[in-house]
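The primary structure of each chain is shown beneath.
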Amino acid sequence: MANLPFSKVRRSGSTVYLSGEIGFNADGTVPEGIEAQTQNCLEGIKKTLEGEGLSLSNVISCTCYLTDPADFAAFNAVYASYFSDPLPVRTTIGCTLMIDAKVEITVIAEA
């Protein structure tokens, strides 16, 4: 998604901010199901962090947006498989997204 009016990642001192990640496939489509979308989101976040010389262990805060509260348990199971102690703080919000997707995740990391 080129030419969007925001940065994918920004640093301010040792803090790294990532824009919201949607679980797109490599071809730009969104897969079916909350599990696949959550996995793609987190893999995209992991790749962006790696580009900054960081990993998921540097994440200190996540904000997660779900379009259907019924997806929370399945989302949470995938999410939990990506993080270990000390876990990032997290807020999960039910909402409508601007793209036809089930989940969007944004993170703040400490370098």
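Asks: Just to check I follow, could you spell out the sheet that holds strand β4 (residues 89-94) for this structure?
Replies: Backbone-to-backbone hydrogen bonds pair the strands of a sheet. The strands run either parallel or antiparallel. If you trace the five strands from one edge of the open sheet to the other, you get β1-β2-β5-β3-β4, paired in mixed fashion. Two strands bound the open sheet, and with one partner strand each, they are β1 (9-12) and β4. Each strand of the sheet is rotated relative to its neighbour by a mean of 10 degrees, with strand direction disregarded. Pairing between strand β3 (residues 59-66) and strand β5 (residues 103-110): seven bridges, direction antiparallel. Of the residues in β5, the one forming a bridge with Cys62 is Val107. Across the sheet, helix α1 (residues 34-51) lies against β1, β2 (15-22), β3 and β5, angled at about 30 degrees from β5, the strand it touches most.

Asks: How do you make sense of the packing of α1 against helix α2 (residues 72-80) when you look at a structure like this?
Replies: One can describe the packing of α1 onto α2 by two numbers: an axis separation of 9 Å at closest approach and a directional angle of 35 degrees. The hand of the α1/α2 crossing is right-handed. Between α1, through Ile34, Glu35, Thr38, Gln39 and Leu42, and α2, the contact on the second element is made entirely by Ala74, Phe75, Val78 and Tyr79. Partitioning the contact of α1 with α2 into residue classes produces six nonpolar, two polar and one charged.

Asks: Would you mind showing me how to read the environment of Leu18 here?
Replies: Relative to the elements of secondary structure, Leu18 occurs in strand β2. Counting along the chain gives 11 residues from Leu18 to Ser7, while the straight-line C-alpha distance between them is 8.1 Å. If we skip the residues at most four places from it in the chain, Leu18 touches Lys8, Val9, Ile45, Thr48, Leu49, Thr106 and Val107.

Asks: Explain α2 here, please?
Replies: The periodicity of an α-helix, 3.6 residues per turn, causes residues three or four places apart in sequence to face the same way. Those residues of α2 that fall on the buried side of the exposure criterion are Phe75, Val78 and Tyr79. Each buried residue of α2 sits inside an arc of 100 degrees when the element is viewed along its axis, so together they form one side. Looking at α2, the residues exposed on the side facing more than 90 degrees away from the buried face are Ala73 and Ala77. Elements that come into contact with the buried residues of α2 comprise α1, β3, β4 and β5.

Asks: Would you mind going over the pattern of salt bridges with me for this structure?
Replies: Pairing between side chains of opposite charge can happen when their charged atoms approach one another. Tallying each qualifying case throughout the model produces three salt bridges. Residue Lys8 pairs with Glu21 through a salt bridge whose shortest N-O separation is 3.0 Å. In this pair, Lys8 is assigned in the segment before β1 and Glu21 in strand β2, connecting sequence segments 13 residues apart. Taking relative accessible area as the criterion, Lys8 reaches 46% and is therefore assigned partly exposed. Relative accessible area serves as the criterion here: at 11%, Glu21 is assigned to the buried category.

Asks: Mind showing me how you'd approach the pairing of β4 here?
Replies: The side chains of a regular strand alternate between the sheet's two faces. Bridge count for β3 against β4 is six bridges, and the pairing is parallel. Within the sheet, the bridge partner assigned to Ser61 lies in β4 and is Val89. Considered for its hand, the β-α-β crossover made up of β3, α2 and β4 is right-handed.

Scoring rules and cut-offs
Residues numbered from 1 in each chain as written. Predicted model: local features only at pLDDT ≥ 70, side-chain atom pairs only at ≥ 80, totals over all residues. Heavy atoms only, no water. Pairing = 2+ DSSP bridges. Helix = DSSP H or I, 4+ residues; strand = E, 2+ residues; numbered from the N terminus. Axes fitted to C-alpha atoms, helices over the stretch in contact; angles between N-to-C directions. Contact = heavy atoms within 4.5 Å. Left-handed = near helix turned anticlockwise from the far one by under 90°. Nonpolar A, V, L, I, M, F, W, Y, C, P; charged D, E, K, R; others polar. Buried < 20%, exposed > 50% of the residue type's maximum accessible area, 1.4 Å probe, protein only. Arc of directions from axis to C-beta. Salt bridge = Lys/Arg side-chain N within 4 Å of Asp/Glu carboxyl O. Right-handed = clockwise from strand over helix to strand, strands pointing away.

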